[in-house]
Amino acid sequence: MEDALKKREVPVVIDASVAGAIAAALASVRRLVVARKAEAACAALLLLMAVNLFAAISRKSITNDEIVHIPAGYYHLVAGDFQLNNEHPPLVKMWAALPLLIVQPDEPPAPKTESESFMERTWGFHERFWHANQARFQTVTFWPRMMMIPITLALGMLIFIFARKLFGATAAVIAVALYVLEPTVLAHGRIVHTDVPAAFVYLLFFFALYEYSKEPGLRRAFLLGLACAVALLTKFSMLVIVPVLGVYLLVRLFINRRDRQQRSQILVHGGVITIVVLFLVNAAYYFQHPPLAASDVRWVEMMSPALLGFVTTLVRVVSNIVPTYYLFGVYNIELHNHFGHSASLLGQYNDLGWWYYFPVAFALKTTLPFLLLAIAAFGWAVWRFAAKRDQRFLWLVAPVGVYLAISLTSHINIGIRHLLPIYPFLFIAGGALLSHLITARGKLGIVVLIVLIGWMASEAARTFPDYTPYMNQLASGHPHWYYLSDSNVEWGDDVGALAAYLKARGETKVSAALSGGWSTLGRYDVGYEDLLALPPDKTPETRYVAIGASFLNGAPIAMPAGKIITNEQRVNYLAKYRTLTPEATFGGSIYLYRIKE
């Protein structure tokens, strides 16, 4: 009898010990959270962001640019082919494609370098890749997009670290809250592209420069060189950091012109930074320095005949130090900027853009609370630096000023995403201003904080997951496609939803003009009939017509070869659909019209 009682008591003792262990663990976590309140708040906010991004990936298809970036990244990794998609440096694409080394997608035949033209090689290789992986389309697109979430979260952590160093823990937490709620960030934080990574490396460069300036040393010079290399391998617009770093070192040399030891130290550190950058940039390109392919030489001859000799000679000489296709990528992005890109702004059309494009796009594409806060915070930062000589604000004012000045001269006016590198500094400035307001005004500051964050949160929740075409209440007078075009209003990530809607109604083909739809719609087993190939007065044979918001705008419309019309006719080619009521819309970016019963 006693033995039986003892056997019954054992589970009770075990349960009590387990409960005690759990209670102790929870108590430890509670103490850690109390001791690290700011870090815990930051972690909670970034976890919320991660859930949001993951949920959006499961609901959205790939964008127009990811059609090219994902296979390019895979080819960079496995074949060392950096000629493909060279308009963007390889680092982000290679990072995103890492899971494909495990997935092992089917590899189509390699492009024929000599026989294919530059454009055929640039835009044709991905069609072969996606066709070969039709059966695994969802898997091959899912994992590369998942790889972008860590970069987005890393940017949030860096915002917290930098903001806390400059303005304290409260400002840091507020800055992260602003970051995780802004629709433009949420739209691009899950996409295999260079825009959010560019924001990360631009902030990383200035953080590394800030740390180096506080205590110059060989180790911090090495880390600064590492930050520079990562930035230059992320996006070509990050070349702006080269003159910034050069001016910084020259100013230090001037200040220490009479101190021989200091001058020597600066020169040594500059040399270390240069060596680290050159080594890592070459390593990312597998230390390849091939001559330009014949198709690329023909491309230069066609696009810049007067500069053919200069460009090819320059590439041949400098490629002894810098990878060939890094240099050729710089050439192509400069060529793109020179010729511009068909764009629209407030009902206007222009290939070369407008100097005020990005300020207007920023005013329309950010939430009103953040817009008001950003303007106030940046003005306050300028005042604190200029009038109060508060050096902390230099690390906000200078990066925003430099990048904004460059952006105002850009002729590629196709998306607010190109302005993302200034956003982290505005988040930090906003956090600093609100923290100062709480300290100075107490309850009033807290009320302002609650209203602004609450307003942003409601906008983020209301819009989920359709962040790509988001515009604030200033854009309420017209459809969003009237104000802006291209990736501001449509980028192809609602093609999957369109395909599901059509297949549910037994439709296997649609006449369409969609960003990326010409490539991705077929992956969902729906045929794509090019609406632009039809005469404007001819009725399509399909039951439905699908038009992307940007094509309703008209800016990206490019007519098939042989169709010569005026620019006004081109942008109004689909104008008759602008006044029709669609049967359905998808994500605010695709309009579906039933034209036959």
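Anything mentioned here points back to the structure above.
Model, not experiment: these values are computed from the prediction.

*Asks:* How do you make sense of the sheet that holds strand E6 (residues 584-586) when you look at a structure like this?
*Replies:* Pairing between the strands of a sheet is mediated by backbone hydrogen bonds and can be parallel or antiparallel. What the 5 strands build is an open sheet, ordered E4-E3-E5-E7-E6; its pairing is mixed. Each edge of the open sheet is held by one strand with a lone partner, namely strand E4 (527-530) and E6. The mean inter-strand angle of the sheet, taken between neighbouring strand axes irrespective of direction, is 30°. In this structure, strand E5 (residues 544-548) lies alongside strand E7 (residues 590-594), joined through 5 bridges in antiparallel fashion. Each residue of the ladder has a partner; that of Tyr544, found in E7, is Arg594.

*Asks:* Whenever I open this one, the packing of aromatic side chains confuses me. Can you help?
*Replies:* Within a pair of aromatic rings, the relevant descriptors are the distance that separates the centres and the angle that separates the planes. One pass over the full model with this rule turns up 39 aromatic pairs. Measuring from centroid to centroid gives 6.0 Å for Tyr75 and Phe125, while their planes differ by 80°, and the two rings are edge-to-face. Of this pair, Tyr75 sits in helix H3 (residues 66-79) while Phe125 sits in helix H6 (residues 118-132); the two residues are 50 residues apart in sequence, bridging distant segments of the chain. Per residue, the accessibility class of Tyr75 equals that of Phe125, and both read buried. Between Phe167 and Phe393 the ring centres are 5.0 Å apart and the planes differ by 45°, which places this aromatic pair in the tilted class. Taken together, the positions of Phe167 in helix H8 (residues 148-167) and Phe393 in the loop between helix H19 (368-386) and helix H20 (394-408) put the pair 226 residues apart, joining distant regions of the chain. Each member of the pair, Phe167 as well as Phe393, is classed as buried. The rings of Tyr74, Tyr75, Phe125, Phe129, Trp130, Phe137 and Tyr524 are connected pair by pair, giving a single aromatic cluster. Positioned over the ring face of Tyr501 is Arg505, at 3.5 Å from the centre of the ring.

*Asks:* What am I meant to see in unusual backbone geometry here?
*Replies:* Working note: non-glycine residues mostly have negative phi, and peptide bonds are mostly trans. Here the bond from Phe464 into Pro465 is cis, since omega is -10°, no more than 30 degrees from zero. If you check the backbone angles, Asn85 has positive phi at about 50° while not being a glycine.

*Asks:* Help me out: how do you make sense of the pairing of E5 in this one?
*Replies:* Side chains on a regular strand alternate between the two faces of the sheet. Along E5, 5 of the 5 residues are buried, which leaves the element largely enclosed by surrounding structure. In E5, alternate side chains face the same way, and those of Tyr544, Ala546 and Gly548 on one face and Val545 and Ile547 on the other are all buried.

*Asks:* Would you mind going over the packing of H8 against helix H21 (residues 423-441) with me for this structure?
*Replies:* If you want to describe how two helices pack, look at the angle between their axes and the distance between the axes. One can describe the packing of H8 onto H21 by two numbers: an axis separation of 10 Å at closest approach and a directional angle of 45°. If you check the angle between H8 and H21, you find them oblique. As for the relative orientation of H8 and H21, their crossing is right-handed in sense. Here Leu155, Ile159, Phe162, Ala163 and Phe167 of H8 come into contact with H21, specifically with Pro424, Phe427, Ile428 and Ala432.

*Asks:* Would you mind going over empty space enclosed by the protein with me for this structure?
*Replies:* Think of a ball as big as a water molecule: rolled over the atoms, this probe shows where empty space is left. The full count for this structure, using the stated rule, is 3 cavities of 30 Å³ or more. Here the largest cavity defines a volume of roughly 80 Å³. Lining the largest cavity are Leu531, Leu534, Pro535, Pro536, Lys538, Pro540, Tyr573, Leu574, Lys576 and Tyr577. In terms of residue class, the lining of the largest cavity is made up of 8 nonpolar, no polar and 2 charged.

*Asks:* Sorry if this is basic, but what is going on with the packing of helix H13 (residues 241-255) against helix H14 (residues 260-284) here?
*Replies:* The contact between H13 and H14 brings their axes to 9 Å, and the two run at 165°. When the interaxial angle is binned, H13 and H14 end up roughly antiparallel. For the crossing formed where H13 meets H14, the hand is left-handed. On H14, the residues touching Leu245, Leu249, Arg252 and Leu253 of H13 are Gln262, Arg263, Gln265, Ile266, Leu267, Gly270 and Ile273. In terms of residue class, the contact of H13 with H14 is made up of 6 nonpolar, 3 polar and 2 charged.

*Asks:* Can you help me understand the side chain of Asn332 in this one?
*Replies:* Mapped onto the elements of the fold, Asn332 is located in helix H17 (residues 324-339). Looking at Asn332, its side chain comes within polar contact range of the side chain of Trp299, at 2.9 Å.

*Asks:* Help me understand the pattern of salt bridges in this model?
*Replies:* Oppositely charged side chains are able to pair whenever their charged atoms sit close together. Within the structure shown, the criterion is met by 17 salt bridges. Salt-bridge contacts for Lys235 lead to Asp195; the nearest nitrogen and oxygen are separated by 2.7 Å. With a gap of 40 residues between them, Lys235 in the loop between helix H12 (218-232) and H13 and Asp195 in helix H11 (residues 195-214) connect regions that are remote in the sequence. Here Lys235 and Asp195 have matching classes, each one buried. With a closest N to O distance of 3.8 Å, Glu211 and Arg220 form a salt bridge. You can call Arg220 partly exposed: its relative accessible area is 22%. What emerges from the salt-bridge pattern is a single network uniting Lys165, Glu211, Lys214 and Arg220.

*Asks:* Please clarify how the pairing of E7 should be interpreted in this entry.
*Replies:* Among the 5 residues in E7, 4 count as buried, and that is most of the element. In the sheet, E6 pairs with E7 via 3 bridges, with the strands oriented antiparallel. Each bridged residue has a counterpart across the sheet, and for Thr585 the counterpart in E7 is Tyr591. Between E6 and E7, which follow one another and run antiparallel, lie 3 residues, and Gly587 among them has a positive phi close to 65°.

*Asks:* Just to check I follow, could you spell out the side chain of Ser487 for this structure?
*Replies:* Along the chain, Ser487 turns up in the loop between helix H23 (480-483) and helix H24 (495-504). At a separation of 2.9 Å, a polar atom in the side chain of Ser487 contacts the main-chain carbonyl oxygen of Ile414. A distance of 2.9 Å separates a polar atom in the side chain of Ser487 from a polar atom in the side chain of Arg417. Not counting residues up to four positions away in its chain, the partners in contact with Ser487 are Ile414, Gly415, Arg417 and Thr468.

About the cut-offs
- Residues numbered from 1 in each chain as written.
- Predicted model: local features only at pLDDT ≥ 70, side-chain atom pairs only at ≥ 80, totals over all residues.
- Heavy atoms only, no water.
- Pairing = 2+ DSSP bridges.
- Helix = DSSP H or I, 4+ residues; strand = E, 2+ residues; numbered from the N terminus.
- Axes fitted to C-alpha atoms, helices over the stretch in contact; angles between N-to-C directions.
- Phe/Tyr/Trp six-rings, centres within 6.5 Å; stacked < 30°, edge-to-face > 60°.
- Buried < 20%, exposed > 50% of the residue type's maximum accessible area, 1.4 Å probe, protein only.
- Lys NZ or Arg CZ within 6 Å of the ring centre and 35° of its normal.
- Parallel < 35°, antiparallel > 145°, perpendicular 65-115°, else oblique.
- Left-handed = near helix turned anticlockwise from the far one by under 90°.
- Contact = heavy atoms within 4.5 Å.
- 1 Å grid on protein atoms, 1.4 Å probe; cavity = no way out; pocket = protein on both sides within 12 Å on 5 of 7 lines; lining within 4 Å.
- Points joined across faces, edges and corners; volume = space filled by probe spheres on them.
- Nonpolar A, V, L, I, M, F, W, Y, C, P; charged D, E, K, R; others polar.
- Polar contact = N/O pair within 3.5 Å; in protein donor to acceptor, adjacent residues only side chain to side chain.
- Salt bridge = Lys/Arg side-chain N within 4 Å of Asp/Glu carboxyl O.

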